[in-house]
Amino acid sequence: MLDLILPLECGGCGAPSTRWCDVCAAALQVKLDEPHLITPRVDPGVPVFALGRYAGSRRQAIVAFKEHGRRDLVAPLARALALGIHRLLGWGILDAPSTIVPAPTRVLAARRRGGDPVTRIAARATGNHPRISVTQALRTRAFARDSVGLTSADRERNLRGRIKLTRSVTGPVLLVDDIVTTGATARESVRILEAAGAQVTAVLTLAHA
Ligand SMILES: [Zn+2]
């Protein structure tokens, strides 16, 4: 039924007659040495891992899911995230049990987009894991501006004191986000979580800009 209403096209490259083509699936594949350790300009104080560059079909898929309501893309994005988590467990960077905390999305923005996108992806990615849970514990306060287009200094100013803990989290935590750009959001999130008694072991993102 849905095909009659929505044009059927790949969420990564726009190819017709498929929702997610083989080429894009290959582009999102997690290689044996991935996720890669990256060095954002703002150091969050814990290792930051990214599954790939924010470009090409990875970028298109994230945008299509977050901005254009392509909820069918949760599956491929969650699969990539699940493999990333699996690698971090295998490398001994992440322990189980651990709690995944999605980086905060602006409340209004999340509501407009039909629920927090990162939480949805993380929940799907860890759905079958008995010892990895997802807790949506961080929110940005309502007056924090969307960070799109801000410089890193602006982002830090924008975020200082504006991320709040909404649920208590203890023990080892993996902070997960869709994109890491300057690292400012990650740093503030790590700070808030550790001040509340959690031990953030790493940050894992779908993409780095
Ligand atoms: Zn494609």
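Below: a short report on this structure. (Residues numbered from 1 in each chain as written. Predicted model: local features only at pLDDT ≥ 70, side-chain atom pairs only at ≥ 80, totals over all residues. Heavy atoms only, no water.)

**Section: the overall build of the protein chain**
The following threshold applies: The numbering of helices and of strands both runs from the N terminus, where a helix is a DSSP run of H or I of at least 4 residues and a strand a run of E of at least 2. Buried, partly exposed and exposed residues are distinguished by accessible area as a fraction of the type maximum, computed with a 1.4 Å probe on protein chains only: under 20%, between the cut-offs, and over 50%, respectively. Using a 1.4 Å probe, accessible areas were evaluated by the Shrake-Rupley method; residue-level cover was limited to the displayed protein chains.
Looking only at helices and strands, one finds 8 helices and 8 strands in the protein chain. Split into buried and exposed, the 209 residues of the protein chain put 48% on the buried side. Working note: accessible area of the protein chain is about 10,500 Å², and carbon and sulfur atoms make up 52% of it.

**Concerning the packing of aromatic side chains**
Each aromatic ring pair is summarised here by two numbers: the centre-to-centre distance and the angle between the ring planes. For clarity, the cut-off: A pair of aromatic rings is counted whenever rings of Phe, Tyr or Trp (Trp by its six-membered ring) have centres within 6.5 Å, and the orientation is called stacked for planes under 30 degrees apart, edge-to-face for over 60 and tilted otherwise.
In the structure shown here, the tally under the stated rule is 1 aromatic pair. When the ring of F49 is compared with that of W91, the centres are 6.4 Å apart and the planes differ by 45 degrees; the resulting orientation is tilted. Taken as a pair, F49 in strand β2 (residues 48-50) and W91 in the loop between α4 (74-90) and β3 (98-102) lie far apart in primary sequence, 42 residues in all.

**Quick look at the coordination of the zinc ion**
This is how it is decided: In this listing, donors mean N, O and S atoms no farther than 2.8 Å from the metal, or 3.2 Å for Na, K and Ca; water is missing from the atoms, so a site can look incomplete. Any site counts as irregular unless it has four donors with all angles between 85 and 135 degrees, making it tetrahedral, or four or six donors with opposite ones more than 155 degrees apart and the rest between 65 and 115, making it square planar or octahedral.
For the zinc ion, every protein donor is listed as C10 (SG), C13 (SG), C21 (SG) and C24 (SG), and the spread of their distances is 2.2 to 2.3 Å. One way to put it: the 4 donor atoms around the zinc ion meet at angles of 106 to 115 degrees, and that makes the site tetrahedral.

**With respect to the nonpolar core**
Short version of the rule: In plain words, nonpolar cores are sets of buried Ala, Val, Leu, Ile, Met, Phe, Trp, Tyr and Cys residues tied together by side-chain atoms within 4.5 Å. Only heavy atoms enter the contact rule, under which two residues are in contact if any of them lie within 4.5 Å.
The biggest cluster of nonpolar side chains holds 34 residues, and the ones touching the most others in it are L77, L81, L174 and L204. No other element matches the 7 residues that α4 contributes to this core. Those residues in contact with L204 that sit more than four places away from it in its chain are P35, F49, L51, L81, G84, I85, L88, L174, L175, V176 and D177. Ranked by size, the runner-up nonpolar core spans 20 residues in total, among them A103, A186, I192 and L193.

**A word on helix α3 (residues 56-68)**
Which entries qualify depends on this criterion: The span expected for a helix works out to 1.5 Å for each residue beyond the first.
Look at α3: 17 Å from first C-alpha to last across 13 residues, which is about the 18 Å you get at 1.5 Å a residue. Here the buried face of α3 lies against α2 (22-27), α4, α6 (117-126), β7 (171-180) and β8 (198-208). Among the residues trailing α3, G69 stands out with phi positive, at a value near 65 degrees.

**Some words on the sheet that holds β7**
Spelled out, the test is: Strand pairing is assigned whenever DSSP detects at least two bridges linking the two strands. Convention adopted: a line fitted to C-alpha atoms gives each axis, helices being fitted over their contacting stretch, and angles between N-to-C directions are expressed from 0 to 180 degrees.
If you walk across this open sheet you meet the 6 strands as β1-β2-β8-β7-β3-β4, and the pairing is mixed. A strand with exactly one partner marks an edge of an open sheet, and here the two such strands are β1 (36-38) and β4 (132-134). On average, each strand axis in the sheet is tilted by 30 degrees relative to the strand beside it, whichever way the strands run. Examined bridge by bridge, β1 and β2 share 3 bridges and lie antiparallel to one another. Note that in β2 the partner of I38 across the bridge is V48. Each of β3, β7 and β8 touches helix α8 (residues 184-195); the most contacted strand, β8, lies at about 160 degrees to it.

**Observations concerning the pairing of β7**
Summarising burial for β7: 9 of the 10 residues are buried, a large majority. Direction of pairing for β3 relative to β7: parallel, over a ladder of 4 bridges. When the bridges of β7 are listed, T99 appears paired with V173. Where β7 and β8 come together, 9 bridges link them in parallel fashion.

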